[in-house]
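What the coordinates show
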Protein chains: 2
Amino acid sequence: MHRHRTPARRATSADVARLAGVSRTTVSFVLNDTPSQSISADTRRRVLDAAQELSYAPSAEARALGRGRSTSVLLYLPPAGSLTEDIGVIVERLSVLFSEAGLSMVIHAWTRRPAAQVWSSVTPAAVLAWDLADDDAERMRRSGVRGVVSWTGSDEMGRWITGPREHDIARMQVQRLVAAGHTHLGYAVTGGDHMHGVSQWRFEVLQRECAARGLSRPSALPLPADPRGAAEVLLRWREQHPGASGVCAHDTTAALAVLSGMRRLGWRAPADLAIVGVNDSPAAALADPPLTMVALDPEVTARHIVAVITALVRDEPAPSPPDTAGAFTVDRDSV
Amino acid sequence: MHRHRTPARRATSADVARLAGVSRTTVSFVLNDTPSQSISADTRRRVLDAAQELSYAPSAEARALGRGRSTSVLLYLPPAGSLTEDIGVIVERLSVLFSEAGLSMVIHAWTRRPAAQVWSSVTPAAVLAWDLADDDAERMRRSGVRGVVSWTGSDEMGRWITGPREHDIARMQVQRLVAAGHTHLGYAVTGGDHMHGVSQWRFEVLQRECAARGLSRPSALPLPADPRGAAEVLLRWREQHPGASGVCAHDTTAALAVLSGMRRLGWRAPADLAIVGVNDSPAAALADPPLTMVALDPEVTARHIVAVITALVRDEPAPSPPDTAGAFTVDRDSV
DNA sequence: CTGTTAGCGCGTTCAC
DNA sequence: GTGAACGCGCTAACAG
């Protein structure tokens, strides 16, 4: 194996041009397959070889500067603590799908008012935020950001992204519980922000789902994430809703909280209360009893997000959302 | 509230210069507080006001182009599925700490051989990778990347970052179990990559820790993440290691797997087997019995990573690592 | 057809 | 405090 003199600085198109004995313009033409230009096969080869030889990669900055827009997608992470496994998997997938689409993902922590400093410095091609105020979105669009999409937003995109997910979840949870004979349901959620944001939304979707099936209105069951507290809340809740026999849990933690409260009360799932959680995490499979869960295919969501954003970036019509978020039920013993 | 004419395109330093009636150079001097230049207080004000008025934010691309290095830190995410809550929290913190330090975090999915395409296009100021081959690291450094750090790497940085963490975990787990009278320990881990990478490393640290205390050599206990499988493995393991009475679990899932296997065998923690897990997740608090866990302060790790990287970027000597990763024990009922 | 020269985009920095 | 030039890739406009 023979080592070449490695350039101290990274190779630029000028280096490639020099080595290939052509102009920088030609290098650009060859490497971009510019349609309006034809280049002789011989020259093309020389340029390609030179690029290879120098392991040349065009500077994203210079390109962005020229085009007035970079190829980076600015992703504002969900609020602190919301980066749970399921979202983590989606983030992971997003990063590879975006890079396959020629975009790179820059992430920032979510703030209610994203600083112009940030999105304005990186001139992102698109911004994907957790929950974006309409005027912020408008401001971004005006300064050249093509795709502005919010995860839980009220804009069309936001609904595209979240709609199928939340709906699928509610539908499948209710379906599973109804199939087991439960018609009086509750919605369990843990966390300090009980019934805010996504939780509130999920609850509403759930209510609609129950209404559509002619079931009685589901009741909210906000639980603390400790066994003793969960037991107390659970007991009071049962007294207020004596008919309730099934619970749709917001996530794994909520399902586990219900389970642990029940254990303390001497109740047993599904006999005393049936549970369907969301997200097929290892903890759900290892619970006692193992939890029946509704899981979403993160790939479906990730692909749709990337599809929408790449379309926006390329100024193409946005693809219609998949009619399902790839939801499926993992049957275990809690229903 | 009075709205100004919003410029169609984002403001550039030329716009600010025009509005302030000075040259672009001056704008640059003022906004960067260039030490070698003195600017009159009056001019300074005018520039600052103009910048404010136009809500000017310098273009990161142009700056990177000029400086030959961007302010982005390229973070290669842990392998698929490893973006669990604990790492998620660190990633979250990293993103805010980096942005406070004037760096922006670009994330990419980890591949064993990070494509030059990626890191070479964004000319990152630093690269933080999961486990970086030495020659890749060298290649990056040679093309101008200042800070090249790997999470689990064998380089000094890698050991700085992981060292205290893994050591703290092992030390506190063993300490807790020894305090409860257990001297014959096991190391429980789940996942397909049993005893590879971090798991292997953690196991070795654990062995050293036990050796240092004069305990017998701990044995590996690789478990499947389902109750039945866990029970089988657990039973066999107990037969081979009749004296073992305590388990250090790699994470929450491993701890839950041990617990669920024990339940199926009719064993009870801590009487039949004591467990200390890692990461104080909600699932641990809600388990039956509630799990005693060793938790690390993600803030300590995140701060150290950012400190090291910003130092490298600024060509300053790297700070010495904190002697602890902020580990603490959350006592519950499994020991 | 094949390829070149000129100049833009934006912030920084070197001389004056 | 300023003009000029640089860093890098792209794209008109233009010459063999």
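Since we're looking at a predicted model, the values are computed, not measured.

Thresholds, definitions, all that
- Residues numbered from 1 in each chain as written.
- Chains lettered and ligands numbered in written order.
- Predicted model: local features only at pLDDT ≥ 70, side-chain atom pairs only at ≥ 80, totals over all residues.
- Heavy atoms only, no water.
- Helix = DSSP H or I, 4+ residues; strand = E, 2+ residues; numbered from the N terminus.
- Rg over C-alpha atoms; globule rule 2.2 N^0.38 Å.
- Buried < 20%, exposed > 50% of the residue type's maximum accessible area, 1.4 Å probe, protein only.
- Areas by Shrake-Rupley, 256 points an atom, 1.4 Å probe, with all protein chains shown as cover.
- Lys, Arg positive; Asp, Glu negative; His and termini not counted.
- Charge placed at Lys NZ, Arg CZ, Asp CG, Glu CD.
- Near = heavy atom within 4 Å.
- Polar contact = N/O pair within 3.5 Å; in protein donor to acceptor, adjacent residues only side chain to side chain.
- Nonpolar A, V, L, I, M, F, W, Y, C, P; charged D, E, K, R; others polar.
- Pairing = 2+ DSSP bridges.
- Axes fitted to C-alpha atoms, helices over the stretch in contact; angles between N-to-C directions.
- Contact = heavy atoms within 4.5 Å.
- UniProt positions renumbered as here; feature names shortened; annotations may be inferred.

Thoughts on the overall build of chain A
Regarding its fold elements, chain A presents 13 helices and ten strands. The C-alpha radius of gyration computed for chain A amounts to 26 Å, which surpasses the reference 20 Å derived for 335 residues by more than 25%, pointing to a less compact arrangement than a globule. Across its three principal directions, the C-alpha atoms of chain A cover 85 × 50 × 30 Å. Relative to its 335 residues, chain A shows a buried fraction of 53%. Accessible area for chain A stands at about 14800 Å²; split by element, carbon and sulfur atoms hold 50% of it. Positive and negative charge centroids in chain A, built from 36 and 36 side chains respectively, lie 6 Å apart.

Topic: the protein's contact with DNA strand C
In the vicinity of DNA strand C, 26 residues are found, and the nearest of them are S23(A), T26(A), T43(A), S13(B) and R24(B). Atoms of DNA strand C within 4 Å of the protein belong to the sugar or the phosphate in 56% of instances, the rest to bases. Interatomic distance of 2.3 Å between a side-chain N/O atom of T26(A) and a phosphate oxygen of DNA strand C. Within the side chain of Y56(B), a nitrogen or oxygen atom sits 2.9 Å from a phosphate oxygen of DNA strand C. Every element with two or more residues in the surface near DNA strand C is listed here: α2 (24–32) and α4 (60–67) of chain A together with α2 (24–32) and α4 (60–67) of chain B. Looking at which element gives the most residues to the surface near DNA strand C, the answer is α2(B), with five residues. Of the residues belonging to the surface near DNA strand C, the class tally is nine nonpolar, 13 polar and four charged.

Some points on the sheet that holds strand β1 (residues 72–77) of chain B
Neighbouring strands of a sheet are bound in pairs by backbone hydrogen bonds; such pairs are parallel or else antiparallel. Taken in spatial order, the eight strands of this open sheet run β4(A)-β3(A)-β1(A)-β2(A)-β2(B)-β1(B)-β3(B)-β4(B), and their pairing is mixed. On the outer flanks of this sheet lie β4 (147–150) of chain A together with β4 (147–150) of chain B, each paired with one strand and no other. With direction set aside, neighbouring strand axes in the sheet form an average angle of 20°. Direction of pairing for β1(B) relative to strand β3 (residues 126–129) of chain B: parallel, over a ladder of three bridges. Along β3(B), the bridge assignment pairs L75(B) with L128(B). Helix α13 (residues 298–313) of chain A contacts β1 (72–76), β3 (126–129) and β4 of chain A of the sheet and is inclined by roughly 150° relative to β4(A). Taken strand by strand, helix α13 (residues 298–313) of chain B contacts β1, β3 and β4 of chain B, and its axis lies near 150° from that of β4(B).

Digging into the UniProt feature "domain: HTH lacI-type" (unreviewed entry) in chain A
The UniProt entry lists residues 11–67 of chain A under the feature "domain: HTH lacI-type" (unreviewed entry), expressed in the numbering used here. Across residues 11–67 of chain A one finds 67% helix and 0% strand; the C-alpha atoms that close the span lie 21 Å apart.

Some thoughts on unusual backbone geometry
D288(A) connects to P289(A) through a cis peptide bond whose omega is -5°. Of note, P289(A) is situated in the loop between α12 (282–285) and β9 (292–295). Unusually for a residue other than glycine, S55(A) sits at a positive phi of about 40°. Among the structural elements, S55(A) can be located in the loop between α3 (41–53) and α4. Here the phi dihedral of T123(B) falls at roughly 35°; this positive angle occurs in a residue that is not glycine. Structurally, T123(B) can be placed in the loop between α6 (116–121) and β3. In this structure T123(B) comes out as buried when scored by relative accessible area, which is 10%.

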